[in-house]
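# Understanding the architecture of this molecule
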Amino acid sequence: MIVKNLSDHLQLITINRPQQLNALNREVIAELHRALSRAEEDPQIRAVILMGSGDKAFIAGADIKEFMHFTPEEGKKLSEEGQRLLFDYVEQMHTPVIAAINGYALGGGLELALASHVRLASERAKMGLPEVSLGVIPGYGGTQRLAQHIGKGRAMEMILTGKMIDARKAYDYGLVGEVVPHEKLLDKAVETAEAIMKNSPAAIGLAIEAINAAYGRDGFKVESELFGKAFATEDFKEGTRAFVERRKPNFTGK
Ligand code: COA
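Every chain's residues receive numbers from 1 upward, in the order its sequence appears when written. Where totals are concerned, whole chains, interfaces and linings use all residues; where local detail is concerned, this predicted model gives features only for residues with pLDDT of at least 70, and gives and counts side-chain atom pairs only at 80 or more. With hydrogens and water set aside, each side-chain value is computed from the structure's full complement of heavy atoms.

Moving on to the overall build of the protein chain. Working definition: helices are DSSP H or I runs of at least four residues, strands are E runs of at least two. Numbering for both runs from the N terminus. Looking only at helices and strands, the protein chain features 11 helices and 10 strands. Note on method: radius of gyration uses C-alpha positions; expected globular size equals 2.2 Å times residues raised to 0.38. Here the C-alpha atoms of the protein chain give a radius of gyration of 17 Å, agreeing with the 18 Å that 2.2 N^0.38 yields for 254 residues. Here's how the labels work: a residue is buried when its accessible area is under 20% of the maximum for its type, exposed when over 50%, partly exposed in between, all with a 1.4 Å probe on protein chains only. Within the protein chain, the fraction of its 254 residues that count as buried is 50%. Contacts are assigned to residue pairs that have any heavy atoms within 4.5 Å of one another. Counting only contacts in the protein chain whose residues sit at least 6 apart along the sequence, the fraction spanning at least 24 positions is 72%. The Shrake-Rupley method, run with a 1.4 Å probe sphere, supplies the accessible areas, and residue values consider only the shown protein chains as cover. Accessible area for the protein chain stands at about 12200 Å²; split by element, carbon and sulfur atoms hold 52% of it. When charges are counted, neither His nor the chain ends are considered; positive counts come from Lys and Arg and negative counts from Asp and Glu. Charged side chains are reduced to one point each, which is NZ for Lys, CZ for Arg, CG for Asp and CD for Glu. Charge-centre separation for the protein chain: the mean point of 32 positive side chains lies 4 Å from the mean point of 34 negative side chains.

Set out below in structure tokens:
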């Protein structure tokens, strides 16, 4: 992870695991938590931009290779810990976080963008929650926040098909605020941050808190339970093994 101050008040955090398309393992989640909590506690920092390193991905999801051998209890814990340290944490920060989606934002990557306060996309961005193709469900708030952003029907379709959508469709769905040419993405994120930073930081924090207050928390607990439950299925073992072996899974529903 690379933390860089773009100005006195604006910080860029780049997730830096390009060979694995910036997949989120526990170490990266812990590092992100530390960097974000430092930004949150630093009164000089008034906005944060999140981006993925390399040309291909924002974040291609949770690290499948890390969790493929987990038990249901470990699966549930992974979801709860991730929510606490990163996804819920980001959503509740008083310092606004802008997700600059510079490529694939899949699974946990899209979930991190959904937890952020603003989403902007490069023309090359592709977004989706493909978990069911691995025999699992989104476990970092995706079943809750996707519907909050784009409505239940579209969220249901995206999650059940597991298909990716391109940046244009994401814009049409209201999932991202703007789509810009790839090389202009960071400039657009900076411009958006500057517009936010002209306003009262205290009021920004309170506005975030008030907007979040409209949404219930029960569904997130249910999601973690069911995410763990998926780890007990043969489909989960088959789906994750098929990903690593680069073949189509053969699901049986067991
Ligand atoms: N977890 C772990 N490793 C991942 C990963 C993930 N979520 N996404 C990509 N990687 C790894 C690949 O295994 C590969 O590693 P290797 O070179 O050691 O084999 C590397 O990143 C490059 O990915 P690759 O699949 O070769 O790139 P691609 O351009 O052919 O395909 C994607 C790109 C994003 C379509 C494909 O990587 C993919 O489907 N990733 C998984 C997405 C997903 O299901 N996310 C949700 C997880 S819950």
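Okay, helix α11 (residues 234-244) next. If you check which residues of α11 are buried, you get Asp235, Phe236, Glu238, Gly239, Thr240 and Ala242. Close packing links the buried residues of α11 with α2 (64-67) and α10 (218-230). After α11 finishes, the residue Arg246 shows a positive phi value of roughly 55°.

Rolled over the atoms, a probe as big as a water molecule pinpoints where empty space is left. Grid points spaced at 1 Å and placed over the protein atoms alone form the basis of the search, with a cavity being a set where a 1.4 Å probe fits but cannot get out and a pocket an open set showing protein on both sides within 12 Å along at least five of seven lines. Lining residues have an atom within 4 Å of a point. Grid points are joined across faces, edges and corners, and a volume is the space filled by probe spheres set on the points. In this structure, the largest pocket encloses a volume near 860 Å³. The wall of the largest pocket is formed by 36 residues, among which Ala60, Ile64, Leu106, Leu134 and Phe243 lie closest to the centre. Breaking the lining of the largest pocket down by element, the ones donating at least two residues are α2, β6 (104-106), α4 (108-115) and α11. In terms of residue count, α11 provides more of the lining of the largest pocket than any other element does, four residues in total.

Take the pattern of salt bridges next. Salt bridges are identified by distance alone: a Lys or Arg side-chain nitrogen within 4 Å of an Asp or Glu carboxyl oxygen. Using the criterion set out here, one finds 14 salt bridges in the structure. In this structure, the salt-bridge partner of Asp63 is Arg17, at a minimum N-O distance of 3.0 Å. Taken as a pair, Asp63 in the loop between β4 (57-59) and α2 and Arg17 in the loop between β2 (10-15) and α1 (26-41) lie far apart in primary sequence, 46 residues in all. Given the relative accessible area of 8%, Asp63 is considered buried. Overall, the relative accessible area of 22% leaves Arg17 in the partly exposed class. In this structure, the salt-bridge partner of Asp88 is Arg217, at a minimum N-O distance of 2.8 Å. Placement of Asp88 in helix α3 (residues 72-92) and of Arg217 in the loop between α9 (201-212) and α10 is noted, with a sequence separation of 129 residues between them. Judged by relative accessible area, which is 32%, Arg217 ranks as partly exposed. The structure contains a network of salt bridges with shared partners spanning Asp88, Glu91, Arg145 and Arg217.

The next subject is the sheet that holds β4. With respect to topology, four strands assemble into an open sheet ordered β4-β6-β8-β9, the strand pairing being mixed. Of all the strands in the sheet, just β4 and β9 (165-166) have a single pairing partner and so form its edges. Note: β6 against strand β8 (residues 126-128), three bridges, orientation parallel. Bridge pairing links Ala105 to Met127 in β8. Lying on the sheet, α4 is in contact with β4, β6 and β8; it crosses β6 at an angle near 90°. When DSSP finds at least two bridges between two strands, those strands are taken to pair. Comment: axis = line fitted to C-alpha atoms, over the contacting stretch for helices; angle = value between 0 and 180 degrees taken between N-to-C directions.

Remark: nonpolar core denotes a set of buried residues (Ala, Val, Leu, Ile, Met, Phe, Trp, Tyr, Cys) joined through side-chain atoms within 4.5 Å. Leu32, Ile101, Met127 and Leu175 are the most contacted members of the largest nonpolar core, which has 57 residues in total. Non-local contacts of Ile101, meaning those with residues more than four positions away in its chain, are made with Phe58, Ala113, Arg119, Leu120, Ala121, Ser122, Ala125, Met127, Val176 and Leu185. By size, the runner-up hydrophobic cluster in this structure holds 17 residues, among which are Leu120, Val180, Leu185 and Ala193.

Turning our eyes to something else, we now look at the sheet that holds strand β3 (residues 47-52). If you walk across this open sheet you meet the six strands as β1-β2-β3-β5-β7-β10, and the pairing is mixed. Of all the strands in the sheet, just β1 (2-5) and β10 (178-180) have a single pairing partner and so form its edges. This sheet shows a mean twist of 20° between the axes of neighbouring strands, independent of strand direction. Sheet analysis places β1 next to β2, joined by four bridges and oriented antiparallel. By the bridge assignment for β2, Asn5 is matched with Gln11. Sheet contacts for α1: β1, β2 and β3; angle to β2, the most-contacted strand, approximately 180°.

Unusually for a residue other than glycine, Asn22 sits at a positive phi of about 60°. Assignment of secondary structure puts Asn22 in the loop between β2 and α1. Take Asn22: its relative accessible area is 0%, and that puts it in the buried class. The backbone phi angle of Arg246 is positive, close to 55°, even though this residue is not glycine. Assignment of secondary structure puts Arg246 in the segment after α11.

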